Amino acid sequence: MDPESFHQAYVVFGSSPYVICAVTPTGPQGRPCVADLKQDPVFPLLDAAPMATVMVKLGGAAITEKSKADTLSPDLDTLVGGIARFCRDELRPRGTGLILIHGAGSFGHPPAKKYGVKAGWSTTRPNERTSVNDVTQDERQRQQAEQRESVKFGMAFTRQRVLQLHHHVLQRLQDRGRLPVLSVSTYDTVETNRGELTPESSIRLVTRVRKLLAQGFVPVLFGDAVLDIALGTTILSGDALMHKLATELLEVQRCVFVTDVAGIYTRDPKRFEDATLIHQLRCSSERGIDESDASAGVDDVTGAMSSKWQWTKRILADAPHIRQVVICQASDSDKALSVTGEDVDGSHHCGHVTHTWTTILR
């Protein structure tokens, strides 16, 4: 076999990274074919990961004003302060790790929508207002080239805006909470193929996050524009990152989605006054849930509340070690984070705390 067809990928067994010499595109279903296995001298052995880890996704609607482009939520400082206290006062004394992921909100979604970043530049078509029969081949190629350049600019611009938001979040976590947070750049770490993480990218992502947890850091990730093998570029959402990490990191026991609504309702609470909060759900239950989108205002190219339920079901289906998933409002996030799985009694009360969020159990 041609040696040039091989490349290195990393896999972690226990706490030790190894190199897999793999060939992908000829492997079955595009998966790496293991040809050689050896310990990688480049990376030191990882320390043992925390006994348990909580993963929190700060939705774009919770940290930005989604109806106003490039505008932070006025409650961001309060939200970040509560999470910092939770980590400092409750998690770290127990030796429990924390992973934070945030969305793009009104910083990333508008440019991504405007320039069609999610669809990529490899799917561009001639100007739809012009009939194909009305243009020459040269004109068609010129239009396609212009569209590709537009998408590429849009990708770069989207990344710039998302990075600005990311720096706002990091700065507040450090200044207000003095947490040892370290950024894990989605763009620099992963690559996708038609929107799905490649096997090599998954290994890189999980290895990096696990190593930071083992060393006592708080990894902070974010939804971002990434390179895509088939599309050129696409958007990898924070929800997708949460699902991947929940699936691969066995130490993660609990996932929390922080949004701009209290949880899952029977109907969209922003449009219907009779909408009722569902306090607790089993993953197999979809009783009385209206799948309509609960977001409003600035375009959301990764999906909003309706997709949270879908991602929750995927997490619980693909990660049997996850005990529960919580969907809560930013204003109640400190209470929801503090309530453990053992405190949930099946009603709208968790111990002495009024349960004003949705808890999804297996």
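Computed from a predicted structure; not experimentally measured.

Peer 1: Which residues make up the overall build of the chain, and what values go with them?
Peer 2: Secondary structure assignment for the chain yields nine helices and 17 strands. For the chain, with 362 residues in total, the buried portion stands at 51%. Considering only intrachain contacts with a sequence separation of at least 6, the fraction spanning at least 24 residues in the chain is 70%. Element-wise, carbon and sulfur atoms account for 49% of the exposed surface of the chain, whose accessible area totals about 17,000 Å².

Peer 1: Got a sec to walk through the nonpolar core? Specific residues and values, please.
Peer 2: Of all hydrophobic cores here, the largest spans 36 residues; its most connected members are Met55, Ile99, Leu205, Leu221, Leu245, Cys255 and Ile322. Among the elements of the structure, strand S5 (97–102), helix H6 (199–214), helix H7 (238–248), strand S12 (252–259), helix H8 (305–318) and strand S14 (324–329) are those that each provide at least two residues to this core. Beyond its immediate stretch of four places on either side in the chain, Met55 contacts Ile99, Ile101, Met242, Leu245, Ala246, Val252, Arg254, Cys255 and Val256. Ranked by size, the runner-up nonpolar core spans 33 residues in total, among them Leu76, Phe86, Leu91 and Val326.

Peer 1: How would you explain helix H2 (residues 76–91) if you had to name every residue and give the values?
Peer 2: For H2, with 16 residues, the first-to-last C-alpha span of 21 Å sits near the 22 Å given by 1.5 Å per residue. Three or more residues of H2 are buried, namely Leu76, Leu79, Val80, Gly81, Gly82, Ile83, Ala84, Phe86, Cys87 and Leu91.

Peer 1: Break down the packing of aromatic side chains for me, citing the residues and quoting the values.
Peer 2: Any pair of aromatic rings gets described here by the distance separating the centres and the angle formed by the planes. Taken as a whole and assessed by the stated rule, the structure comprises two aromatic pairs. Both rings, one in Tyr115 and one in Phe153, keep their centres 5.5 Å apart while their planes meet at 70°; by these two values the pair is edge-to-face. Taken as a pair, Tyr115 in helix H3 (residues 105–115) and Phe153 in helix H4 (residues 137–177) lie far apart in primary sequence, 38 residues in all. Classification of Tyr115 by relative accessible area gives buried; the value is 18%.

Peer 1: Quick rundown of H6? Include the residues and the values.
Peer 2: What sets the pattern is the α-helix's 3.6 residues per turn: residues three or four places apart point alike. For H6, built from 16 residues, the straight-helix expectation of 22 Å at 1.5 Å per residue is met to within 8% by its first-to-last C-alpha distance of 22 Å. Burial runs high along H6: 13 of the 16 residues are buried.

Peer 1: Tell me about the environment of Leu236, residues and numbers included.
Peer 2: With respect to the helices and strands, Leu236 occurs in strand S11 (residues 232–236). Take Leu236: its relative accessible area is 1%, and that puts it in the buried class. Distance from Leu236 to Asp224, taken between C-alpha atoms, is 5.6 Å for residues twelve residues apart in sequence. Setting aside chain neighbours within four positions, we find Leu236 in contact with Thr186, Val190, Thr192, Gly195, Leu197, Gly223, Asp224, Val226 and Leu241.

Peer 1: Please provide a residue-by-residue account of the pattern of salt bridges, values included.
Peer 2: Two side chains bearing opposite charge may form a pair once their charged atoms approach each other closely. Applying the stated rule across the entire model yields 13 salt bridges. The closest approach of N and O atoms between Asp77 and Arg172, which form a salt bridge, is 2.7 Å. Taken together, the residues Asp77 in helix H2 and Arg172 in helix H4 connect sequence positions 95 residues apart. Among the residues examined, Asp77 registers a relative accessible area of 29% and is labelled partly exposed. Put simply, Glu146 and Arg142 hold a salt bridge, and the shortest N to O gap is 2.2 Å. Here Glu146 pairs with Arg142, and both are found in helix H4, just four residues apart, close to one helical turn. Sharing partners across several salt bridges, the network here consists of Lys57, Asp239 and Lys308.

Peer 1: Mind laying out the pairing of S14, listing which residues take part and the relevant values?
Peer 2: S14 sits mainly inside the fold: five of its six residues count as buried. Pairing of S12 with S14, which is carried by six bridges, proceeds in the parallel orientation. Across the sheet, Thr259 pairs through a bridge with Gln329, a residue of S14. The pairing of S14 with strand S17 (residues 358–361) spans four bridges and is classified as antiparallel. The residue bridging Ile327 from the neighbouring strand is Thr358, located in S17.

Peer 1: Describe the packing of H6 against H7, with residues and values.
Peer 2: Direction vectors running N to C along H6 and H7 enclose 75°, while the axes themselves pass 10 Å from each other. In terms of their interaxial angle, H6 and H7 are classed as roughly perpendicular. Along its contact with H6, which presents Ser202, Leu205, Val206, Val209 and Arg210, the element H7 presents Leu241, Lys244, Leu245 and Glu248. For the contact of H6 with H7, the class distribution of residues is five nonpolar, one polar and three charged.

Peer 1: How would you sum up the packing of H3 against H4? Please name residues and give values.
Peer 2: Remark: H3 packs on H4, axes separated minimally by 8 Å, with the N-to-C direction vectors making an angle of 175°. Classified by the angle their axes make, H3 and H4 are roughly antiparallel. Along the contact surface, H3 presents Phe107, Gly108, Pro111, Ala112 and Tyr115, while H4 presents Ser150, Val151, Phe153, Gly154, Phe157, Thr158, Arg161, Val162, Gln164, Leu165 and His168.

Peer 1: Which residues make up unusual backbone geometry, and what values go with them?
Peer 2: Phi at Asp70 takes a positive value of approximately 60°, unusual for a residue other than glycine. By the secondary structure assignment, Asp70 is in the loop between helix H1 (60–63) and H2. Residue Asp70 is classed as partly exposed on the basis of its relative accessible area of 35%. Backbone geometry at Arg194 places phi at a positive 55°, although glycine is not the residue there. Inspection of the secondary structure puts Arg194 in the loop between strand S7 (192–193) and strand S8 (196–197).

What counts, and where the lines are drawn
- Residues numbered from 1 in each chain as written.
- Predicted model: local features only at pLDDT ≥ 70, side-chain atom pairs only at ≥ 80, totals over all residues.
- Heavy atoms only, no water.
- Helix = DSSP H or I, 4+ residues; strand = E, 2+ residues; numbered from the N terminus.
- Buried < 20%, exposed > 50% of the residue type's maximum accessible area, 1.4 Å probe, protein only.
- Contact = heavy atoms within 4.5 Å.
- Areas by Shrake-Rupley, 256 points an atom, 1.4 Å probe, with all protein chains shown as cover.
- Core = buried A, V, L, I, M, F, W, Y, C linked by side-chain atoms within 4.5 Å.
- Expected span 1.5 Å × (residues − 1).
- Phe/Tyr/Trp six-rings, centres within 6.5 Å; stacked < 30°, edge-to-face > 60°.
- Salt bridge = Lys/Arg side-chain N within 4 Å of Asp/Glu carboxyl O.
- Pairing = 2+ DSSP bridges.
- Axes fitted to C-alpha atoms, helices over the stretch in contact; angles between N-to-C directions.
- Parallel < 35°, antiparallel > 145°, perpendicular 65-115°, else oblique.
- Nonpolar A, V, L, I, M, F, W, Y, C, P; charged D, E, K, R; others polar.

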